[in-house]
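Architecture at a glance
Residue-level listing of the chains:
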Amino acid sequence: MPDTELLVHRSTDQATVANVTVDTSRRADNEVNPYLFAKFCEHLGTNIYHGMEAQILFNPVFGEWHFAGRERPSGGKIQTDDPEQIREAVENHHGPLAYPESTDPDALLDAYRDALAFGWLPTDEGVSFSPDTGPSGNRAQRIETSDSDQGVEQRTHLPLHRVHDYEFRCKIRAPEPTTARVTVSSDDGEPLATTPLDVDTDWEIVEGTLSLPSDVEPDDVYRTSLTTDTPAELVVERVLLYPTDHVDHADPEVVELLRESDLPLLRWPGGNFVSGYHWQDGIGPVDERPTKPNPAWDGLEYNLFGTDEFMQFCEHVGCEPMICVNAGDGTPEEAAKWVEYCNGDPEETEMGRLRAEHGHPEPYDVTHWEIGNELWGQWQTHWTTATGYADRYERFREAMLEVDADIDIIACGLENMDVPEMVDPLASNGRWNDTLLERVGDDVRVFSDHILACGGVDPTTDPKELVRAYMGFSAQLGEEMLGLKERMRAAGIEDPHYDMTELQIFAGIGDHDGDEESVQLTRETMPTPLTISEVLYDACIRNEMIRTGGFARMLTHSASVNHGGGLRKAGERVWADPCHYGRTLMAAFAGDTPIGVEVACDTISTGQSFREIARVEDVPAVDAMAAEGEDALRIVLVNRTTHEKAIDVTVDLGEYDAGDEAELATLGADTWYAQNSREDPEAVTPEYSTSDIEDGTVAVTLEPYSFVRVTVPES
């Protein structure tokens, strides 16, 4: 690993001893960018719906579920009509549905085949169904009951640990006026709260509240149902259920955790999703928005969470919004109108007036706009070649800047992942970034990149070898980032930058057909984004980005909730992955000035490569980064080793005018695969302590699989 201006490594053969010397005379010309501690969210699985969004019911719009099949040649996924694929998808569905093992395993599939929207069940056998159409053209559900108290229901969890009051909203009509009711019952069918509805022949939005008793068990399964009081017909387009403590329809616990973590910026709405997303579907009265198949993933886009909801979410969290535009099947004109909707004057621009009509007169002033997502990949809707992207970039950039000349344009780049297993060489020509530089030159100021490294591994893989590969990968990335910086400068770009707009450990394990004795790695022992490994991996990469002298300015880590690593939400409980705490601890460096460190320690290496992760050769066993703020010196130390032994680190503070003791924040675990869970949400959380400063040094014990932030107050 080559030395840099901010890091000098001196190799030793002492596996359990390291010395770190801080040199305050070597100072960067830039401060640590707060955007290095940002996050990403996408309409994928339960990242937005049943994650950031507070609505509880599954498929609340009664849409025709999109069971994703094969990829189209032009990108995106088609709906499968294969019965066995659909059966497998239903059986393996991992959404928020709370159907216990005792439930008929074929109940959901049988209901779906009987034309009931996926996720819903009949209350009993006397109910029949057919598809219908709502006033906005969305699929609606016709429900015909033959007796009283019949209809449809879902089994689900409720956030009863914090709130007992719920509000619902139905879009509903009936061929003949009738009465119905929304009810929450215990799982054995005992009604706990119910509200009657008068249903007329015209489409109406009917709202109500449900108050559950204070003594109900918070983690039990409950039934939410829509039933008729007498035999009747209903046509319903949606039944939405929110806890009354929602924050503009966002989950209050998610908002609070992200706000407390000092999140600086959030990237949205994708991800692969954005290459087929049309932003105007997600604005205006929410109950008039279209339901669409998710263009990239299994499921539906309800369009309950669009541009205005995203902006409100960011406002409540206290972070900046960042938007990635649809440069797949979208047009430059569509992207330009999106810029105008977000930033346009409410009186002088068409889209600004529209935003004001929707209740948001003040411009959102969105600064950061990324033109497309992974368009070099044939899984993207309307993917393209390197030359094709250069053409698109010029057209999108010109149209967007014509609307707002002050926005920050980010090019969809490809630096690290340009490997045959991930990218068709016909799409990238092996030179994606360089082609854009040749075609567009200094009209590119910022390249993005997605670091989703490693891919598939085998059960015979040595898990510690894999962990070391991830721990040492940052050194390779550092060299690649600096190489890109020089190529951008050579192309005439005076102030080039690099944004890592997706990052997570990305290994997946395949099946094993060999003998059991050869198995070393299992799904339970994988380093994943949920584990402590992600903390150490992220910290090393952030350190390397800081060492690029301001070239690397942004890291939007994947992702906010239930995708990659960050926050988790299941059974209406929210908790944090270890990497959430790691990002929060490192966010304290924002605004500090990086300074030089010399590290004397052993090294780590690997005997093999893992897809785009090259063989690791003699990378420092301890990664260290230091930065000085107005009131303190901060140092982060990462143990990259897998030898299961603590490293005694002596930190020499050099000429820094230190106080009497240092504050230590330690995040670590006994194994590389330790993680938090719904049952044990605080298994891996920071621990705080102090260490005396003696003769200008601080003693730190760096345990295996740990990360320590050392804060040294000024005297």
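Summarised in this report is the structure supplied together with it. For clarity, every value in this text was computed on a predicted model and none was experimentally measured.

**Some words on the overall build of the chain**
Scanning the chain from terminus to terminus reveals 13 helices and 38 strands. Taking 2.2 N^0.38 as the reference for a compact globule, 715 residues should give roughly 27 Å; the C-alpha atoms of the chain span a radius of gyration of 27 Å, in line with that estimate. Projected onto the principal axes, the alpha-carbon positions of the chain cover approximately 85 × 55 × 55 Å. When the 715 residues of the chain are sorted by exposure, 60% land in the buried category. Within the chain, residue pairs in contact and separated by at least 24 positions form 76% of the contacts whose partners lie at least 6 positions apart. With 52 positive and 139 negative side-chain charges, the chain shows a spacing of 4 Å between the two charge centroids.

**Quick notes on helix H5 (residues 307–317)**
Along H5, 9 of the 11 residues are buried, which leaves the element largely enclosed by surrounding structure. Every buried residue of H5 is listed here: Thr-307, Asp-308, Glu-309, Phe-310, Met-311, Gln-312, Phe-313, Cys-314 and Val-317. Gly-318 lies just past H5 and shows a positive phi near 90°.

**Observations concerning the environment of Tyr-99**
Note on placement: Tyr-99 falls in the loop between helix H2 (83–91) and helix H3 (107–113). You can call Tyr-99 buried: its relative accessible area is 19%.

**Observations regarding the sheet that holds strand E6 (residues 121–122)**
Across the sheet, which stays open at both edges, the 5 strands sit in the order E6-E9-E14-E11-E12 with antiparallel pairing between neighbours. Each of the sheet's edge strands pairs with one partner strand only, and the pair in question is E6 and strand E12 (191–199). Where E6 and strand E9 (residues 150–156) come together, 2 bridges link them in antiparallel fashion. In the strand pairing of E9, Leu-121 is matched with Glu-153.

**A look at helix H13 (residues 578–586)**
Counting buried residues along H13, 8 of its 9 residues qualify, which places the element largely inside the surrounding structure. The set of residues buried in H13 consists of Pro-578, Cys-579, His-580, Tyr-581, Gly-582, Arg-583, Leu-585 and Met-586.

**Remarks on the pairing of strand E8 (residues 139–145)**
For E8, a buried count of 6 out of 7 residues is recorded, marking the element as mostly surrounded by other parts of the structure. Pairing of strand E7 (residues 127–133) with E8 involves 7 bridges; the strand directions are antiparallel. Across the sheet, Asp-132 pairs through a bridge with Ala-140, a residue of E8. Direction of pairing for E8 relative to strand E15 (residues 233–243): antiparallel, over a ladder of 4 bridges. In the strand pairing of E15, Ile-143 is matched with Leu-234.

**Digging into the sheet that holds E8**
A sheet is described by the order of its strands in space; here 5 strands give the open sequence E7-E8-E15-E10-E13, paired in antiparallel fashion. Each having just a single partner strand, E7 and strand E13 (204–211) make up the two edges of the open sheet. Within the sheet, the average angular offset between the axes of one strand and its neighbour, ignoring direction, is 35°.

**Focus: a negative patch on the surface**
A contiguous patch of negative charge on the surface is contributed by Asp-660, Glu-661, Glu-663, Asp-692, Glu-694 and Asp-695. Mapped onto the negative patch, the elements with two or more residues apiece are strand E35 (661–668) and strand E36 (687–694). Among the structural elements, Glu-694 can be located in strand E36. The class for Glu-694 is exposed, based on a relative accessible area of 51%.

**Some words on the pairing of strand E4 (residues 68–71)**
Across 2 bridges, the pairing between E4 and strand E5 (residues 77–79) is antiparallel. Within E5, the residue paired with Glu-71 across the bridge is Lys-77. Where E4 folds back onto E5 in an antiparallel hairpin, the turn is made up of 5 residues, including Gly-75, whose phi is positive at roughly 95°.

**Some thoughts on the layout of surface pockets**
It is the rolling of a water-molecule-sized probe over the atoms that shows where space remains empty. Roughly 520 Å³ of internal volume is contained in the second largest pocket. In terms of lining residues, the second largest pocket is bounded by 22 residues, among which Leu-44, Asn-272, Trp-297, Phe-506 and His-563 are the most central. Taken together, the residues of the lining of the second largest pocket sort by class into 11 nonpolar, 6 polar and 5 charged.

**Focus on the packing of aromatic side chains**
Scanning the entire structure with this criterion turns up 25 aromatic pairs. An angle of 40° between the planes, with centres 4.8 Å apart, marks the rings of Phe-58 and Trp-65 as tilted. The pair Phe-58 / Trp-65 is uniform in exposure class, with both members buried. Residues Phe-67 and Tyr-112 carry aromatic rings whose centres are separated by 5.3 Å and whose planes lie at 80° to one another, so their mutual orientation is edge-to-face. Linking Phe-67 in the loop between helix H1 (48–52) and E4 with Tyr-112 in helix H3, this pair joins segments that are 45 residues apart in sequence. Residue Phe-67 is classed as buried on the basis of its relative accessible area, which comes to 2%. Counting every residue linked through ring pairs, the aromatic cluster contains Trp-268, Phe-273, Tyr-277, Trp-279, Phe-305, Phe-310, Phe-313, Trp-338, Tyr-341 and Trp-369. Over the ring of Phe-40 we find Arg-267; its NZ or CZ atom is 4.7 Å from the centre of that ring.

Cut-offs applied
- Residues numbered from 1 in each chain as written.
- Predicted model: local features only at pLDDT ≥ 70, side-chain atom pairs only at ≥ 80, totals over all residues.
- Heavy atoms only, no water.
- Helix = DSSP H or I, 4+ residues; strand = E, 2+ residues; numbered from the N terminus.
- Rg over C-alpha atoms; globule rule 2.2 N^0.38 Å.
- Buried < 20%, exposed > 50% of the residue type's maximum accessible area, 1.4 Å probe, protein only.
- Contact = heavy atoms within 4.5 Å.
- Lys, Arg positive; Asp, Glu negative; His and termini not counted.
- Charge placed at Lys NZ, Arg CZ, Asp CG, Glu CD.
- Pairing = 2+ DSSP bridges.
- Axes fitted to C-alpha atoms, helices over the stretch in contact; angles between N-to-C directions.
- Patch = residues over 30% accessible without salt bridge, like charges linked within 9 Å, V, L, I, M, F, W, Y side chains within 5 Å.
- Areas by Shrake-Rupley, 256 points an atom, 1.4 Å probe, with all protein chains shown as cover.
- Salt bridge = Lys/Arg side-chain N within 4 Å of Asp/Glu carboxyl O.
- 1 Å grid on protein atoms, 1.4 Å probe; cavity = no way out; pocket = protein on both sides within 12 Å on 5 of 7 lines; lining within 4 Å.
- Points joined across faces, edges and corners; volume = space filled by probe spheres on them.
- Nonpolar A, V, L, I, M, F, W, Y, C, P; charged D, E, K, R; others polar.
- Phe/Tyr/Trp six-rings, centres within 6.5 Å; stacked < 30°, edge-to-face > 60°.
- Lys NZ or Arg CZ within 6 Å of the ring centre and 35° of its normal.

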